[in-house]
Amino acid sequence: LVAGFYDRVRRLTARERANTRRLPFDRKEWLASAGNPPAPWGEAAFHVLERIWARPTLEVNGIWGGYQGEGAKTIIPSKASAKISMRLVPDQTPEEIARKFTAFVKKLAPREVKVTIQSLHGGSAFLSEVDDPAFRATERALERAFGKKPVLTREGGSIPFTATIQEALRCPVILMGFGLPDENSHAPNERLDLENYQKGILSAVYLYEELGGLSPRSSAPPRAPRAQPRGNRRR
């Protein structure tokens, strides 16, 4: 509904879509992990994992206004508020999307209502270049540590400084993740599988060794980043 929201969204390549469909995915298991909703939400033309990893989002995180205590009240609230977040993808920019969202909301508001929108934070979307020699070295390091070739996934997370580092240093930025989906990332009871922790350390050792074997010019500045490597996930 937001005019121009998808204008700059980078299309998935045939290779990326094929790789996604080769990943193990149990629809019922995934729905159960999300609290058993009736069905996944999102664009029907895209696989659930593509919706999570490669398509932008717009969500309402909270709405408040008026009387919210127990019992009946007939007061008409003078103001109401909402908190919105949007997960962007290459090549969307926070500034452009914020402008378009603001214009959309103000267009919706009747003339009797005053709308104020405050932009709190924004970060550039980031993807690693999977064909870069440094990325291939990372794949080899992970395979040496875990005994299996890693699968490549995207991740709908928020690590905005990665794009800043890549832009400033003009060198590849590669993320290696070793957490599993059920480890409650960022929660009070977050945990990490000890085997993955130990093999993650080993992966880093192997990575330094692999990078040491690359020629100084073999890892060129990234042009069109694609995907992030993730640690081996046990199902």
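Nothing here was measured: the structure is a model prediction, and the numbers come from that model. Here the residue numbers are simple positions, counted from 1 along each chain's written sequence. Predicted model: local features are reported for residues with pLDDT of at least 70 only, side-chain atom pairs are reported and counted for 80 or more only, and whole-chain, interface and lining totals are derived from all residues. Side-chain measures were taken over the full set of non-hydrogen atoms in the model, leaving aside hydrogen atoms and water.

## A closer look at helix α7 (residues 194–212)
End to end, α7 covers 28 Å across 19 residues, agreeing with the expected 27 Å (1.5 Å per residue, within 8%). The classification of residues rests on relative accessible area computed with a 1.4 Å probe and restricted to protein chains. Under 20% of the type maximum is buried, over 50% is exposed, and intermediate values are partly exposed. The helix and strand labels rest on DSSP assignments: H or I over at least four residues marks a helix, E over at least two residues marks a strand, and numbering proceeds from the N terminus. Looking only at α7, the buried set comprises N196, G200, S203, L207 and E210. Angular distribution of buried residues about the axis of α7 spans 85 degrees; they occupy a single face of the element. Opposite the buried face of α7, by more than 90 degrees, sit the exposed residues L194, Q198, Y208 and G212. Close packing links the buried residues of α7 with α5 (133–146). Capping the start of α7 is the job of one residue whose side-chain oxygen sits 3.0 Å from the backbone nitrogen of E195: D193. Multiplying one less than the number of residues by 1.5 Å gives the expected span of a helix. Picture the helix axis, draw a direction to every C-beta atom, and the arc is the one those directions span. Between two residues, a contact is recorded if the distance between any of their heavy atoms is within 4.5 Å. Polar contact is defined as a pair of N or O atoms within 3.5 Å, subject to the rule that within protein one atom must be able to donate a hydrogen and the other to accept it, and that residues adjacent in sequence are counted only when both atoms are side-chain atoms.

## Section: the packing of aromatic side chains
Any two of the Phe, Tyr and Trp rings considered here, Trp counted by its six-membered ring, make a pair once their centres fall within 6.5 Å; the pair's planes then place it as stacked at under 30 degrees, edge-to-face at over 60, or tilted in between. Per the counting criterion, the structure on display carries 3 aromatic pairs. Between the aromatic rings of F25 and W30, the centroid separation amounts to 6.4 Å while the plane-to-plane angle is 45 degrees, which identifies the pairing as tilted. For F25, a relative accessible area of 27% puts it in the partly exposed group. Here W30 falls in the partly exposed class, since its relative accessible area comes to 24%. A centroid spacing of 6.1 Å and a plane angle of 15 degrees characterise the contact between F146 and F178, whose relative ring orientation is stacked. Placement of the pair is F146 in helix α5 and F178 in the loop between α6 (161–169) and α7, with a sequence separation of 32 residues. For the pair shown, F146 and F178 are each scored as buried. Positioned above the aromatic ring of Y67, the side-chain terminus of K73 is 5.6 Å from the ring centre. Comment: the charge-over-ring label is applied if NZ (Lys) or CZ (Arg) is within 6 Å of the ring centre and within 35 degrees of the ring normal.

## As for α6
Within α6, burial applies to T162, A163 and Q166. Buried residues of α6, viewed axially, fall in a sector of 100 degrees; they line one side. Among the exposed residues of α6, those pointing more than 90 degrees away from its buried face are F161, T164, A168 and L169.

## Focus: a nonpolar patch on the surface
Residues enter patches when they are more than 30% accessible in relative terms and free of salt bridges; like-charged ones are connected within 9 Å and nonpolar ones (Val, Leu, Ile, Met, Phe, Trp, Tyr) within 5 Å. Computed with a 1.4 Å probe, the accessible areas rest on the Shrake-Rupley method; for each residue, only the protein chains presented here act as cover. Salt bridge, as used here: a side-chain nitrogen of Lys or Arg that lies within 4 Å of a carboxyl oxygen of Asp or Glu. Residues L192, L194, Y197, I201, L202 and V205 make up a contiguous nonpolar surface patch of roughly 560 Å² in combined accessible area. Within the element layout of this structure, L194 appears in helix α7.

## Describing the confidence of the model for the protein chain
Scored between 0 and 100, pLDDT is the confidence that the predictor attaches to each residue. When the pLDDT values of the protein chain are averaged, the result is 86; 91% of them are 70 or greater. Predicted confidence for residues 221–235 stays below pLDDT 50, and this span has 63 contacts to residues more than four positions away or in other chains.

## A closer look at unusual backbone geometry
The step from P90 to D91 runs through a cis peptide bond, and the omega angle for that step is 10 degrees. Looking at the secondary structure, you find D91 in the loop between β2 (80–85) and α4 (94–108). The phi angle at R170 is positive, at roughly 55 degrees, despite the residue not being glycine. By secondary structure assignment, the location of R170 is in the loop between α6 and α7.

## Section: the nonpolar core
The biggest cluster of nonpolar side chains holds 5 residues, and these are V2, F5, L88, I97 and F101. In this structure, L88 is in contact with T93, P94, I97 and A125, ignoring residues within four places of it in sequence. What makes a nonpolar core is a set of buried Ala, Val, Leu, Ile, Met, Phe, Trp, Tyr and Cys residues whose side-chain atoms join them at distances within 4.5 Å.

## Regarding the packing of α5 against α7
For helices, the fitted line uses only the C-alpha atoms of the stretch in contact; every axis is such a line through C-alpha atoms, and the angle between N-to-C directions lies from 0 to 180 degrees. Relative to each other, α5 and α7 sit at 135 degrees, their axes nearing to 8 Å. The orientation of α5 relative to α7 falls into the category oblique. In the crossing of α5 with α7, the sense of the turn from one axis to the other is right-handed. Taking contact as the criterion, the partners of A134, A137, T138, R140, A141, L142, R144, A145 and F146 in α5 are, on α7, N196, K199, G200, L202, S203, Y206, L207, E209, E210 and L211. For the contact of α5 with α7, a count of residues per class yields 10 nonpolar, 4 polar and 5 charged. Any angle from 65 to 115 degrees is called roughly perpendicular, while one under 35 is roughly parallel, one over 145 is roughly antiparallel, and all others are oblique. The hand of a helix crossing depends on one turn: near helix anticlockwise from the far one by less than a right angle means left-handed, and clockwise means right-handed. Side-chain classes are defined by residue name, with Ala, Val, Leu, Ile, Met, Phe, Trp, Tyr, Cys and Pro counting as nonpolar, Asp, Glu, Lys and Arg as charged, and the others, Gly among them, as polar.

## Examining the pattern of salt bridges
Tallying each qualifying case throughout the model produces 16 salt bridges. R17 serves as the salt-bridge partner of E50, at 2.8 Å between the closest nitrogen and oxygen. Here E50, found in helix α3 (residues 48–54), pairs with R17, found in helix α1 (residues 14–22); they are 33 residues apart in sequence, far enough to count as distant. In this structure, the salt-bridge partner of K199 is E195, at a minimum N-O distance of 2.9 Å. You can see K199 and its partner E195 sitting in helix α7, 4 residues apart, about one turn around the helix. Each of the salt bridges in this network shares a partner with another, and the network as a whole consists of D7, R8, E96 and K100.

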